[in-house]
Structures are given as C-alpha cells and as structure tokens.
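Read off the chains here:
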Amino acid sequence: MRAVFRGVLVTLFAAVLLFFLIPRVQATEAAEDALGDLVDGDALEEAGRDSGGSATFGESLEDGIARILDMGSNLLPGLLKDAARSGVLLLVILLFCGIAETVQEASGSPMPAVPLAGVLATAAVSVSDIHAMVAMGRDVVSDMRRFADVLLPASAAVTAATGAVTGAALRQMAAVLCSDLLLDLMDGLLVPLVYGYIAAAVAWAAAGNEGLNRMAEFLKWAATAILTLIATGYVGYLTAASGIAGAADAAAVKATRFAISGAIPVVGGILSDAAETVLASAGVLQGTVGVFGMVTVLSICVVPVLSLFLHYLAYRLASTLAAAAHPGRVADLAGKLSNAFALMLGITGLSALLLLAALVSAITAISV
Amino acid sequence: MMSFLRDWLLGVTGAALALAVLKTLVPRGSVSKVCALAGGLAVLFAALQPIVSLDGDLMAEAAAAYQAQREEYQEKLQESRDAVLGTVIESRAAAYVADKAAEMGISCQAEVTVSDDENGVPVPWAVSAWADWEPGQQEALGEMLERDLGIPPQRQSFMERDE
C-alpha cells in the first residue's frame, strides 16, 4: 500500500518537475499542420469530459493544477461532511459498546451479545459507505481505461514523430496491457478480495476466532501484493524497456542522419532542417498532450481519491479514539474497515499511475 | 491468466476459510489436532496444485503474441512518422523551388512529392510548377531542379498558371 502511494507521489513530482525544464520552441506551420492530423485536440477534450475529467487542450500545467486544486477545495467541505458523519456515527456506536463492555466487566457478568451487537451496528453503518466507495473505485478504473484508449494512441503518434518509434510502441502496448489487466483483476479478483477481507473481519469481530483474523490479513496482503506487483512490474518494465528502446531509436536516427549526410547538399539541408522542425514541433505537441493527459487524469481522480481518503481517515480516527477508551474487537473492526478504503484508494491510485507513468516516460524520451 | 490467478487465490482462501470453520466446530483434543493437520495439508494442496499444472507453452505463446502485436503497431507508428516528415519535406522543397525561381525572375507555384530512396530516407522525387512561362525559363528551372534537388527531367512537370 505504501509502495503504491509512494509511486503515485513520485510520478506526480517527476511530471511537474519535467514540465518546468522542457524548453518551448517555436514550430513551423507545415509541421504543425502535419502533426495536427495526428492529434485532434477537440476529440481528446471530448474523451476527457466523457471520462469525468475536465481539462482544456493547450492550457498550461500550472493553470490545470490550479483549476484542480480549486475544484478540490470547493468540493472538500461536502466530502468532509459525508466522511465525518460516518465517522461520528461509528464513534458513537464504538463508544457505547465500549461503555457497555466496561460495565459488563465491572459487574462480572459476561454478555457476549454486546460485542455482537456492536459488530452488527458497525457493519450496518459502514455497508453503504463501502458499497459507494467500491463502486466509485470501479468507475474510476473504467473511466481511466476509456480515456487511455484515446490518449495513448495520440501520445504514441506524437512520440513516434520525434523519432522514438520503438519506445512509443513499447510504452503504449505496456500501458494498455496493464490497464486491461487492472480492469480484469478489479472485477474478477480485487473487489472480491476486498469484500472477502471485510467479511472475514466482520466474522472475526463477531466470533473472535483468530483464524478468521489471519484469513482477513491474508486477503488484505494478497490484494496489496497484487497491486504492488503490478505497479512495480509496470514501472520497472517501462524504465528498462524504455532504456533499451531509446538506444534502438537513437541508433536508427543516427543511421538516418548518416544517410542524409551522403545526399546532395541542398537536399541534405532540406531533410535535416525538416527533421529538426518535426522534432521541435512534436516536442512541443508532446508537452501539450502530456499536460492535457495529466490534468485530465488528476481531475478524474480528485473527487474519488479525496472521498476515499477522508473515509479512511474518519474510520481510522474513530477506531483509534474508541480503542483509547476501551480496546476491543469492535474498535479493531473499524480499523480493519478503514483498510478496505485504503485498498480501494490503492486501486484508484494505481489506475492513475499507469497513465501518468506512460506520459512521463514518453516526455523524457524526447531527446532522440 | 486472470482466471488462473482468480481461481488459485479463491481456492486457497476457500480452503483456509473451511479450515477455520472446522477448527471452531471440532472439540479440543486429539481430533482437533488431526483436523488441523488434514486441513493444513488441504490448504497446501490448494496452493500448489494450480502451479504444478501451469502450462509453460501458454506463457510462451502469450509472449510471442504480445511481441508480434507490438511490432505491428511499431510499423504503423513508423508509417505515420514518415508521413509527417514527408509532408514537411514537401513543404520545404516547394518553398525552396519557389524562392530559387523568384531569383531567376520566375513567379511560380511549386508542388513537390517525396519518395524513399535506397536508404529509406524520404527525398524530393517529383516536382510540378505553375507559372506564366517565358521562353527559356522552363529549361533554366529544370537545370536547377536536377542540380540542386536531384530531380531528373522526366519527373518535372511545368504547367501554365491557369491549368
């Protein structure tokens, strides 16, 4: 889980840093027209809107990030209210259970119905939150996949125009493969694992069987391991294969330059001038596509990520405060339910990471 | 691959869950220990069985299919890149021809088409020029085109401006 969060933060930081370092070069009209046929800004904007994002093709990264922060801060009070309501309700239930258990222990007459009632009440309060968060996570993953179908081919075509053909094909195929893998795993394995984890946690809290607790931990570990494996494998493959593809592309460009140098001087001058123009124009366009892609991905994620994170915090806080008053299985159950939100947050973050890593990798390849 | 992973994890999970329920139901004593041992062996079998039956050829076929798909897509990207480069070369070459013609006192509009040479490099291949031609201008421009751009006379077209 920490590895997934760390990966998302590192990728975001790298993306912001790169865009401040890439120089802006003026492009000629012919190259712009030719490249404009590869990338349709209006179609990209429409695809972004259909996927729940909001970005304007051509806006700067600073403006895009500012707009997302603005959107987030406008929505934050409402999301905070929802999460706080659930957290407070949960805390009240946990505190009542704690008081009842304390009285029971003081009186010396065991009442096994008290923790059971607490577990049932906690489950009843959290069931709608869990369903909503799981549905939100699934929607984000499928929205990302749908947007990737339009963004990645455009990004690959522009990257290929800079001469990095092998790298462009490799990045696109890897991103599409991992996105499909995540989508298939989401419905077929990850969401069942999350629900299985919740069921095992509730059963443990109700029955007190240590085996069920270990079962829940195993399911949580399995989901986390799958996410970490996908993230690590994808970033590692992208890094290693991009390096190899970059060398192949550089060799191909050198071979072309050598062939150009053997041409008639005037023709050689036209060819090398045209190649430099295309490289410069494609570099500018790649930056534009990359910024648009990143801003759209972040805008798709902002509400679900905020909502999941706030619910995770609310449940974790309720569990911690209740455990401080009276430690027990019911308080621990709230903590385990917060882990379910963290798992969905990891899945959502991973779907964004796949696209962001592909975009950053494409931009760093523009030096062939 | 998805279904393999799903079936494997669910199998292990189901076996472990059944073992947990069994341990709860069985009374403490030697029976419980025997059940724990049997259940542990069942979980181990559930964990190892799909791995043992994993088809190595399937993995090799999947890798080969991915590689073939990537190469096909790479060819398409190369074609789109060549198309962009070709368009810019045509534009540059046409501008060069018009500039050179202007130096010769010819006001003409030129259109150049490119084609790959023997090294796969797109080079100017043919030219069409439209102008109000005066005597000798077509020959002078033709010599320049052959000297500077390597376009032989058979690939040069000179037309009147209103054609």
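Let me sum up the structure you'll find in this document. (Residues numbered from 1 in each chain as written. Chains lettered and ligands numbered in written order. Predicted model: local features only at pLDDT ≥ 70, side-chain atom pairs only at ≥ 80, totals over all residues. Heavy atoms only, no water.)

### Digging into the overall build of chain B
- On a plain count of helices and strands, chain B comes out with four helices and three strands.
- Reading chain B from its N terminus to its C terminus gives the helix and strand order α-α-α-β-β-α-β.
- Within chain B, buried positions represent 34% of all 163 residues.
- Approximately 9900 Å² of chain B is accessible, and the part contributed by carbon and sulfur atoms is 57%. (Helix = DSSP H or I, 4+ residues; strand = E, 2+ residues; numbered from the N terminus. Buried < 20%, exposed > 50% of the residue type's maximum accessible area, 1.4 Å probe, protein only. Areas by Shrake-Rupley, 256 points an atom, 1.4 Å probe, with all protein chains shown as cover.)

### What to know about the sheet that holds strand β3 (residues 156-160) of chain B
Residue and element names in this part refer to chain B.
- With mixed pairing, the three strands of this open sheet are ordered in space as β1-β2-β3. The open sheet terminates on both sides in strands that have one partner only, identified here as β1 (108-116) and β3. On average, each strand axis in the sheet is tilted by 20 degrees relative to the strand beside it, whichever way the strands run.
- Judged from the nine bridges that link them, β1 and strand β2 (residues 122-131) form a sheet pairing that is antiparallel. (Pairing = 2+ DSSP bridges. Axes fitted to C-alpha atoms, helices over the stretch in contact; angles between N-to-C directions.)

### Looking at the interface of chain A and chain B
- On the side of chain B, 37 residues touch chain A, which itself brings 50 residues to the contact.
- Note on chain A versus chain B: buried area summed over both sides is about 3500 Å², and carbon and sulfur give 79% of it.
- On the chain A side of the contact with chain B, A:Met173, A:Met215 and A:Ile270 bury the most area, a combined 16% of that side's loss.
- At the surface where chain A touches chain B, the tally comes to one salt bridge.
- Across the salt bridge formed by A:Asp273 and B:Arg92, the nearest N and O atoms sit 3.2 Å from each other.
- Where chain A packs against chain B, one counts five residue pairs in polar contact (both at pLDDT 80 or more).
- Secondary structure elements with two or more residues in the side of chain A that touches chain B: α2 (29-36), α5 (113-161), α6 (165-207), α7 (210-261) and α8 (265-325) of chain A.
- Here the side of chain A that touches chain B is composed, by residue class, of 38 nonpolar, ten polar and two charged. (Contact = heavy atoms within 4.5 Å. Buried area = accessible area lost by both parts, 1.4 Å probe. Salt bridge = Lys/Arg side-chain N within 4 Å of Asp/Glu carboxyl O. Polar contact = N/O pair within 3.5 Å; in protein donor to acceptor, adjacent residues only side chain to side chain. Nonpolar A, V, L, I, M, F, W, Y, C, P; charged D, E, K, R; others polar.)

### Notes on the side chain of A:Ser51
All names here are of chain A.
- The residue Ser 51 is located in the loop between α3 (41-50) and α4 (61-107) in this model.
- The class for Ser 51 is buried, based on a relative accessible area of 2%.
- A distance of 3.1 Å separates a polar atom in the side chain of Ser 51 from the backbone oxygen of Ala 47.
- Contact partners of Ser 51, with chain neighbours within four places excluded, come to Asp 143, Arg 146, Phe 147 and Ile 300.

### Description of the pattern of salt bridges
- Using the criterion set out here, one finds 14 salt bridges over all chains in the structure.
- Note that B:Arg147 is salt-bridged to B:Asp148, the shortest N-O span being 3.3 Å.
- The class of B:Asp148 is buried, set by a relative accessible area of 9%.
- Residues joined by salt bridges that share partners form a network here, namely A:Arg145, A:Asp149 and A:Asp180.

### Quick notes on the side chain of A:Asn339
All names here are of chain A.
- Locating Asn 339 in the fold gives a position in helix α9 (residues 329-364).
- One polar contact links Asn 339 to Arg 316, side chain to side chain, over a distance of 2.6 Å.
- When residues no more than four places from it in sequence are discounted, the contact partners of Asn 339 are Tyr 197, Lys 220 and Arg 316.

### Concerning α3(A)
All names here are of chain A.
- Regarding α3, the residues found buried are Gly 41, Leu 44, Glu 45, Ala 47 and Gly 48. For α3, the angular spread of the buried residues around the axis is 160 degrees, confining them to a single face. In α3, the exposed positions that point more than 90 degrees away from the buried face belong to Asp 42, Arg 49 and Asp 50.
- On the buried face of α3, the contacting elements are α5 and α8.
- Just beyond α3, the residue with positive phi is Gly 52, at close to 95 degrees. (Arc of directions from axis to C-beta.)

### Here we look at the packing of α8(A) against α9(A)
Residue and element names in this part refer to chain A.
- Following both chains from N to C, one finds α8 and α9 inclined at 170 degrees, their axes separated by 8 Å at the closest point. Here α9 runs roughly antiparallel to α8, going by the angle between their axes. Considering only the axes of α8 and α9, their crossing is left-handed.
- Among the residues forming the contact of α8 with α9, the class breakdown is 25 nonpolar, nine polar and two charged. (Parallel < 35°, antiparallel > 145°, perpendicular 65-115°, else oblique. Left-handed = near helix turned anticlockwise from the far one by under 90°.)

### Some thoughts on α7(A)
- Between its first and last C-alpha atoms α7(A) spans 75 Å; for 52 residues at 1.5 Å apiece the expected length is 76 Å, and the two agree.
- Of the residues flanking the start of α7(A), the one acting as N-cap is A:Asn209, its side-chain oxygen 2.6 Å from the backbone nitrogen of A:Gly211. (Expected span 1.5 Å × (residues − 1).)

### Some words on the packing of α7(A) against α9(A)
All names here are of chain A.
- Direction vectors running N to C along α7 and α9 enclose 10 degrees, while the axes themselves pass 11 Å from each other. One way to sum up the angle between α7 and α9 is to call them roughly parallel. In this structure, α7 contributes Asn 213, Glu 217, Lys 220, Ala 223, Thr 224, Leu 227, Ile 230, Ala 231, Tyr 234, Leu 238 and Ser 242 to the contact, and α9 contributes Lys 336, Asn 339, Leu 343, Gly 346, Ile 347, Leu 350, Leu 353, Leu 354, Ala 357, Ala 358 and Ser 361.
- Residues of the contact of α7 with α9, tallied by class, amount to 13 nonpolar, six polar and three charged.

### With respect to the environment of B:Glu146
Residue and element names in this part refer to chain B.
- Among the secondary structure elements, Glu 146 is positioned in helix α4 (residues 137-149).
- The class of Glu 146 is partly exposed, set by a relative accessible area of 41%.
- Glu 146 sits ten residues away from Gln 156 along the chain, and the two C-alpha atoms are 9.1 Å apart.
- Non-local contacts of Glu 146, meaning those with residues more than four positions away in its chain, are made with Ile 151, Pro 152, Pro 153 and Gln 156.

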